[in-house]
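Read off the chains here:
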Amino acid sequence: MTHGKENPIPMIGSMQPGVFLREHWQRAPLLVRGAIGDLAVMPGVADVLEIACEDAADARLVLRQGEEHQMESGPLAPARWNQLDETCWTILVQSMEVWMPQLQALRQSLGFLPFWRFDDIMVSVSSAGGGVGAHVDQYDVFLIQAAGRRRWRWGGPVGSLRPNTALRQVEGFYPTEEAVLEAGDLLYLPPGVVHEGTALDDGAMTVSVGFRAPGLSDLMSALADVAAERWQDDSEGEPRFGDAGRTPATDSNAIEAEDLAALKELMKAALDDDALFLRAVGGQVSLPRFAPEPLDQPVATDELDALFGRGGWLERWAGSRLFQCAGEENRATLCFDGVSAEVPSAFVTAVLSSDRIDAAAWRTWRSEPSAVAVVLAMVETGTYGVVETGED
Ligand code: SIN
Ligand code: CO
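Residues numbered from 1 in each chain as written. Chains lettered and ligands numbered in written order. Predicted model: local features only at pLDDT ≥ 70, side-chain atom pairs only at ≥ 80, totals over all residues. Heavy atoms only, no water.

Remarks on a nonpolar patch on the surface
Reasoning step 1: A grouping of F241, I255, L260 and L263 is seen on the molecular surface, where their side chains present a nonpolar patch of about 370 Å² in accessible area.
Reasoning step 2: Note on placement: L260 falls in helix α6 (residues 257–272). (Patch = residues over 30% accessible without salt bridge, like charges linked within 9 Å, V, L, I, M, F, W, Y side chains within 5 Å. Areas by Shrake-Rupley, 256 points an atom, 1.4 Å probe, with all protein chains shown as cover. Salt bridge = Lys/Arg side-chain N within 4 Å of Asp/Glu carboxyl O. Helix = DSSP H or I, 4+ residues; strand = E, 2+ residues; numbered from the N terminus.)

Observations regarding the packing of aromatic side chains
Reasoning step 1: One pass over the structure, following the stated rule, counts 16 aromatic pairs.
Reasoning step 2: An angle of 70° between the planes, with centres 5.9 Å apart, marks the rings of F20 and F112 as edge-to-face. Here F20 is found in helix α1 (residues 17–23), whereas its partner F112 is found in the loop between α4 (104–109) and β5 (118–126), with 92 residues between them in sequence.
Reasoning step 3: Ring plane angle 35° and centroid distance 6.4 Å describe the contact between W81 and W89, whose orientation is recorded as tilted.
Reasoning step 4: For W81, a relative accessible area of 16% puts it in the buried group.
Reasoning step 5: The class for W89 is buried, based on a relative accessible area of 14%.
Reasoning step 6: By way of ring pairs, the aromatic residues F20, W25, F112, F115, F118, F142, Y188, F211 and F323 are connected into one cluster.
Reasoning step 7: Positioned above the aromatic ring of F118 is the side chain of R107, whose terminal nitrogen or guanidinium carbon lies 5.5 Å from the ring centre.
Reasoning step 8: The cationic tip of R321 hangs over the ring face of F115; the distance from NZ or CZ to the ring centre is 6.0 Å. (Phe/Tyr/Trp six-rings, centres within 6.5 Å; stacked < 30°, edge-to-face > 60°. Buried < 20%, exposed > 50% of the residue type's maximum accessible area, 1.4 Å probe, protein only. Lys NZ or Arg CZ within 6 Å of the ring centre and 35° of its normal.)

A few points about the coordination of the cobalt ion (ligand 2)
Reasoning step 1: Ligation of the cobalt ion (ligand 2) by protein atoms is provided by H135 (NE2), D137 (OD) and H195 (NE2), these donors lying 2.0 to 2.1 Å from the ion.
Reasoning step 2: Mapping the donors of the cobalt ion (ligand 2) onto the primary sequence yields the spacing H-x1-D-x57-H. Remark: H195 occurs in strand β10 (residues 195–199) and H135 occurs in the loop between β5 and β6 (140–147); sequence separation between them is 60 residues. H195 shares its class with H135; the two are buried. (Donors = N, O, S within 2.8 Å, 3.2 Å for Na, K, Ca; no water.)

A look at the side chain of E196
Reasoning step 1: Residue placement: E196 occurs in strand β10.
Reasoning step 2: In this structure E196 touches G133, A134, R151, W152, R153 and F173, once residues within four positions along its chain are discounted. (Contact = heavy atoms within 4.5 Å.)

Things to note about helix α8 (residues 301–309)
Reasoning step 1: Turning to α8, its buried residues number three or more, namely L304, L307 and F308. Viewed along the axis of α8, the buried residues span an arc of 90°, placing them on a single side of the element. Exposed side chains of α8 directed beyond 90 degrees from the buried face belong to D302 and G309.
Reasoning step 2: Where α8 terminates, the next one or two residues include G311, which has phi positive at roughly 95°. (Arc of directions from axis to C-beta.)

Considering the pattern of salt bridges
Reasoning step 1: By the definition in use, this model includes 17 salt bridges.
Reasoning step 2: Measuring nitrogen to oxygen at the nearest pair gives 3.5 Å for the salt bridge that ties K268 to E265. In this pair, K268 and E265 both sit in helix α6, three residues apart, roughly one turn of the helix.
Reasoning step 3: On the basis of relative accessible area, K268 is assigned to the partly exposed category, the value being 39%.
Reasoning step 4: Overall, the relative accessible area of 47% leaves E265 in the partly exposed class.
Reasoning step 5: Linking E388 and R310 is a salt bridge whose minimum nitrogen-to-oxygen distance equals 2.8 Å. In this pair, E388 is assigned in the segment after β17 (384–387) and R310 in the loop between α8 and β12 (313–316), connecting sequence segments 78 residues apart.
Reasoning step 6: Overall, the relative accessible area of 27% leaves E388 in the partly exposed class.
Reasoning step 7: Each of D58, D119, D120, R212 and R289 takes part in one network of salt bridges that share partners.

Here we look at the site of ligand 1
Reasoning step 1: Around ligand 1 sit L92, M122, S124, H135, D137, R150, W152, H195 and T206, and that is every residue in its neighbourhood.
Reasoning step 2: Measuring from an oxygen atom of ligand 1, one finds a side-chain N or O atom of D137 at 3.2 Å.
Reasoning step 3: For ligand 1, an oxygen atom lies 3.2 Å from a polar atom in the side chain of H195.
Reasoning step 4: For ligand 1, the accessible surface in isolation is 260 Å², of which the surrounding protein chains cover 93%.
Reasoning step 5: Breaking the shell around ligand 1 down by element, the ones donating at least two residues are β5 and β7 (150–154). (Near = heavy atom within 4 Å. Polar contact = N/O pair within 3.5 Å; in protein donor to acceptor, adjacent residues only side chain to side chain.)

Side note on the sheet that holds strand β3 (residues 68–73)
Reasoning step 1: As summarised here, the arrangement of the eight strands in space is β1-β9-β6-β11-β5-β4-β2-β3, forming an open sheet in which the pairing is antiparallel. What marks the edges here is a single partner per strand, and that holds for β1 (30–32) and β3. Shown here is a sheet whose adjacent strand axes are inclined to one another by a mean of 20°, direction ignored.
Reasoning step 2: Direction of pairing for β6 relative to strand β9 (residues 186–189): antiparallel, over a ladder of four bridges. Along β9, the bridge assignment pairs V141 with L189. (Pairing = 2+ DSSP bridges. Axes fitted to C-alpha atoms, helices over the stretch in contact; angles between N-to-C directions.)

See below:
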């Protein structure tokens, strides 16, 4: 699997990205007819059903009977397809861009949005009548009709979440908009807009390019993790609450306002520590949805020397998340699949410009210890896989 740098496919029609971002992104739905003229990149129905049966696939099967939906989590047994004849069904597979790297072209077409906001590409295939019910998502999503037709209804008041449903279905649905999407049409929905799609044809396929936004609790726990790691061997140096010079307590059972204020200042100092903050945020937003397989044991520098010497190279895992954040004095932070490290900016540029680290790149950076350490770490996390000569 390769990361793939495909030709971008226009997605929002003739609309300028600036206009889209100002008027629609996170704000208002947008329907674009004939958004995608060339559907060659889209999977076939058989591809999706085959991938849904893979052990590593994040797949779900949703069966609809009237207003009721039943969900089965994958991987699904191939025999399951023969039992579905009389049913309204939808099969949903997440992270399809990892299974079919050519789909990365869809994300690249939305390059006016930063990659760190991207979540994954989900593909659904339905029989006529199939759908997952009226629900809300926390994500921005570009719903592309890749085959057949699907009737979408959206908007209106958002009812409370139905209890015990993994499908985020809501009570009551009073949509204000409706459209039948045909192959090539696109519907963008911001988070929180209640919506429902019902397939009108057997084999109706929707390809959803989803964007995620980190929540406060994930960010705070990432900060707690990096703070714990930072001071685990330095408890003497760890910033700690202090109250030298305090006045006598008026109520010994109370936590007084001044103490609360001082505790808050202590915690704010962690947010103001740019290096700590960046490590937390970079680690959190680069967590992959479909993680690469980490190595069982560390790789050594001379093993990589030998690999490149034999004509091999390192290839980026298609589901990897790599971002950079510029620092001071030609340094930058490289975030990769939940880890972040400071390295020379030129090294970051070289890494991000290709899906491969080859012998020439290795030779260039072999004498820079921070770059070598990051390459070793990226092989260990599985962000890069080893490719021997002749495997391409
Ligand atoms: C679907 O593709 O069938 C459902 C996608 C969604 O509503 O989020
Ligand atoms: Co949805």
